[in-house]
Amino acid sequence: MGKIYIFGHKKPDTDSVTSAISLAYLKNKQGFDAEAKVLGRLNNETKFALKYFNVNCPEYLNDVKTQIKDVNYNRISINRHISIKKCYDILKSDKISGAPVVDEGGKLVGIITLKDISSYFIEGDIIKLKTSYDNILDALDGSEVLRFDNEIEGNILTASYRSTTFLNNIDLDKHTILIVGDRHSILEYAVNSSVKMIIIVGDGEIKEEHLEVAKKNKVNVVKTHYDTFHTTKVIGLANYLKNVIPSDRPYTFDEGTYYDDFVVKTSKLKHNNYPIIGKNDICKGLIRITEITDKRRKKVILVDHNELEQSAEGLEEADIIEIVDHHKIGNISTKNPINFRNMSVGCTNTIIYLMYQEN
């Protein structure tokens, strides 16, 4: 059922406040997630009673209107340092077209979509690679041979020419990430040139003498069972996700935003995806316009009143699941049958006392 808010009327007296506290305690003992609230400032008598019995005052509840946090949007965020491949796998697995990207503290960096990933591979500088060693292993289904750097940055080069042409015409340096098979003359040239990384395709072998030079010159070496064509095609997927995020800052909404306000605002903005921000600017997920009708109404129990004008703002947007009161029957109606406990006794707590005895 989720969280249940229990509260009395807008001008809380001692009966109203303590009956909310007592009923919330009972409901929690029965296995519900109930929380007592107050709708207004406490009078001195109530403050004295709570202090005398060492009971904390319930927190103030402004209203029970539907908020963005009540909408069943996608609670997803993706770290900016995962690979493009891993991001694509997540989007595909969750059957979504985009997701918010966050930093290590969970704060929003931007939005990534399948369209952005496609644009990067068509229009982006796919020769450059800046990522982690582990992301390269993941993208290539590779195995570690030598590791000297956890972060790899450089220019991708494939040894596609015959060996003599390559040796005579291609310059290698510490910024080169070389894709090559078991072509030993080129491997020797690469380790002597102190390239940043060698990716050996087809599970090719590298001579022990070349490995020793690679260790001396701190050349990172990875093996993959993929052939040259497949390796060249997917190596760009190892890039950090942050490298392909659009620079435009997306329009965001706080999770406390009222649902009605969100609908009005988005009808003017006309975007499809909106990141949702929670406390401390932490990104909570992404809401799509197609999801906004799937929302949960707040669950409430009214004590010591049953009239609309005495109750919380936005009550018509909430689900009243129970009422416990000792006043006359008021004007509140419900969508479904509920437990309505009304008795001609001196206070609501008398009724709740009977409920404790019954349980």
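Our structure is the block above this text.
Residues numbered from 1 in each chain as written. Predicted model: local features only at pLDDT ≥ 70, side-chain atom pairs only at ≥ 80, totals over all residues. Heavy atoms only, no water.

Visitor: Can you tell me about the sheet that holds strand β13 (residues 253-254), naming the residues and giving the values?
Guide: If you trace the 3 strands from one edge of the open sheet to the other, you get β13-β14-β15, paired in mixed fashion. Every interior strand has two partners, whereas the edge strands, β13 and β15 (283-288), have only one. (Pairing = 2+ DSSP bridges. Helix = DSSP H or I, 4+ residues; strand = E, 2+ residues; numbered from the N terminus.)

Visitor: Break down the layout of surface pockets for me, with residues and values.
Guide: In this structure, the largest pocket spans a volume of roughly 490 Å³. Taken together, 18 residues make up the lining of the largest pocket; nearest its centre are Ile-111, Thr-113, His-271, Asn-272 and Asn-273. Residue classes in the lining of the largest pocket are distributed as 6 nonpolar, 6 polar and 6 charged. (1 Å grid on protein atoms, 1.4 Å probe; cavity = no way out; pocket = protein on both sides within 12 Å on 5 of 7 lines; lining within 4 Å. Points joined across faces, edges and corners; volume = space filled by probe spheres on them. Nonpolar A, V, L, I, M, F, W, Y, C, P; charged D, E, K, R; others polar.)

Visitor: Tell me what's going on with the pattern of salt bridges, and back it up with residues and numbers.
Guide: Close approach of charged atoms allows side chains with opposite charge to pair. For the structure shown, the criterion picks out 18 salt bridges. Notably, a salt bridge pairs Glu-144 with Arg-147, separated by 3.0 Å at the nearest N-O pair. Residue Glu-144 is classed as partly exposed on the basis of its relative accessible area of 45%. Connected via shared salt-bridge partners are Lys-3, Asp-33, Glu-35, Lys-37 and Glu-59. (Salt bridge = Lys/Arg side-chain N within 4 Å of Asp/Glu carboxyl O. Buried < 20%, exposed > 50% of the residue type's maximum accessible area, 1.4 Å probe, protein only.)

Visitor: Kindly report on helix α8 (residues 208-216), identifying the contributing residues and their values.
Guide: Those residues of α8 not exposed but buried are His-210, Leu-211 and Ala-214. Taken down its axis, α8 places every buried residue within 105° of arc, on the same side. Residues of α8 that are exposed and point over 90 degrees away from its buried face: Glu-208, Glu-209 and Lys-216. Buried residues belonging to α8 abut β8 (143-146), α7 (184-192) and β12 (220-223). At the C-terminal side of α8, Lys-218 shows a positive phi close to 55°. (Arc of directions from axis to C-beta. Contact = heavy atoms within 4.5 Å.)

Visitor: Residue-level account of the nonpolar core, with values.
Guide: Ranked by size, the top nonpolar core spans 19 residues in total, and within it Phe-166, Leu-178, Val-180, Ile-198 and Val-221 carry the most contacts. Of all the secondary-structure elements, those providing two or more residues to this core are β10 (176-180), α7, β11 (197-200) and α8. Dropping the residues within four chain positions of it, Leu-178 is found in contact with Leu-157, Ala-159, Phe-166, Ile-186, Ala-190, Met-197, Ile-198 and Ile-199. Core analysis: the next-biggest nonpolar cluster, separate from the first, contains 18 residues, Tyr-133, Ile-136, Ile-152 and Tyr-226 among them. (Core = buried A, V, L, I, M, F, W, Y, C linked by side-chain atoms within 4.5 Å.)

Visitor: Outline the packing of aromatic side chains, supporting the account with residue identities and numerical values.
Guide: For the structure shown, the criterion picks out 8 aromatic pairs. Their ring planes at 70° and their centres at 4.7 Å tell us that Phe-253 and Phe-262 sit as a pair that is edge-to-face. The two residues Phe-253 and Phe-262 agree in class, both being buried. Here the aromatic residues Tyr-251, Phe-253, Phe-262 and Tyr-274 are joined through ring pairs into a cluster of three or more. Across the ring face of Tyr-258, the terminal group of Lys-65 is positioned such that the distance to the ring centre comes to 5.0 Å. Above the ring of Tyr-73, the side-chain terminus of Arg-75 is found at 3.6 Å from the ring centroid. (Phe/Tyr/Trp six-rings, centres within 6.5 Å; stacked < 30°, edge-to-face > 60°. Lys NZ or Arg CZ within 6 Å of the ring centre and 35° of its normal.)

Visitor: Can you explain helix α11 (residues 348-358)? Please cite residues and give values.
Guide: Within α11 the residues assigned to the buried category are Thr-348, Asn-349, Ile-351, Ile-352 and Met-355. Across the axial projection of α11, the buried residues extend over an arc of 155°, all falling on one side. Within α11, the exposed residues directed more than 90 degrees away from the buried face are Tyr-353 and Gln-357. On its buried face, α11 is in contact with α1 (14-29), β16 (299-303), β17 (319-325) and β18 (339-342).

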